[in-house]
Amino acid sequence: FANQLRHQGMAAGTAVIEASVLRLRPILMTTVATLLAALPLALATGAGAAGRRHIGWVVIGGLVASTLLTLFLVPVVYSLLARALSVTSRKTEPVSWLAGVE
């Protein structure tokens, strides 16, 4: 989404914020649905429940960690890479007075 917005002429920082806001709801809905599905595993009781509880808590912990990384780390890394690539592309652009020379 951020790349599409940047191709439309939006600045990198603004594109990252717009894309983050647009993707927040689907990410949270998917995470909550999966967490609710793993909750019976984490709260299991009865015979053999010890193994299932551990699996359930690992799934829940992984979902929480990956969601936090998705919501916070990915936009930051994208911003840093966009900034680095824009600096690199500016250095390699031809000098304007040489544009007409062949």
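Residues numbered from 1 in each chain as written. Predicted model: local features only at pLDDT ≥ 70, side-chain atom pairs only at ≥ 80, totals over all residues. Heavy atoms only, no water.

1. Quick look at the side chain of Thr31
Phase 1: You can see Thr31 is positioned in helix H2 (residues 12-42).
Phase 2: Not counting residues up to four positions away in its chain, the partners in contact with Thr31 are Leu63 and Thr67. (Helix = DSSP H or I, 4+ residues; strand = E, 2+ residues; numbered from the N terminus. Contact = heavy atoms within 4.5 Å.)

2. Focus: a nonpolar patch on the surface
Phase 1: A surface patch of nonpolar side chains, about 500 Å² in accessible area, is lined by Val32, Leu36, Leu39, Leu43 and Trp57.
Phase 2: It is H2 that contributes the most residues to the nonpolar patch, three residues altogether.
Phase 3: Its location among the elements puts Trp57 in helix H3 (residues 49-92).
Phase 4: Owing to a relative accessible area of 47%, Trp57 belongs among the partly exposed residues under this scheme. (Patch = residues over 30% accessible without salt bridge, like charges linked within 9 Å, V, L, I, M, F, W, Y side chains within 5 Å. Areas by Shrake-Rupley, 256 points an atom, 1.4 Å probe, with all protein chains shown as cover. Salt bridge = Lys/Arg side-chain N within 4 Å of Asp/Glu carboxyl O. Buried < 20%, exposed > 50% of the residue type's maximum accessible area, 1.4 Å probe, protein only.)

3. Examining the layout of surface pockets
Phase 1: Roughly 310 Å³ of volume is contained in the largest pocket.
Phase 2: In terms of lining residues, the largest pocket is bounded by 14 residues, among which Ala19, Ser20, Arg23, Val74 and Pro75 are the most central.
Phase 3: Counting only elements with at least two residues in the lining of the largest pocket, the list comes to helix H1 (2-7), H2 and H3.
Phase 4: Looking at the lining of the largest pocket element by element, the count peaks at six residues for H2.
Phase 5: Of the residues assigned to the lining of the largest pocket, the class counts are 10 nonpolar, three polar and one charged. (1 Å grid on protein atoms, 1.4 Å probe; cavity = no way out; pocket = protein on both sides within 12 Å on 5 of 7 lines; lining within 4 Å. Points joined across faces, edges and corners; volume = space filled by probe spheres on them. Nonpolar A, V, L, I, M, F, W, Y, C, P; charged D, E, K, R; others polar.)

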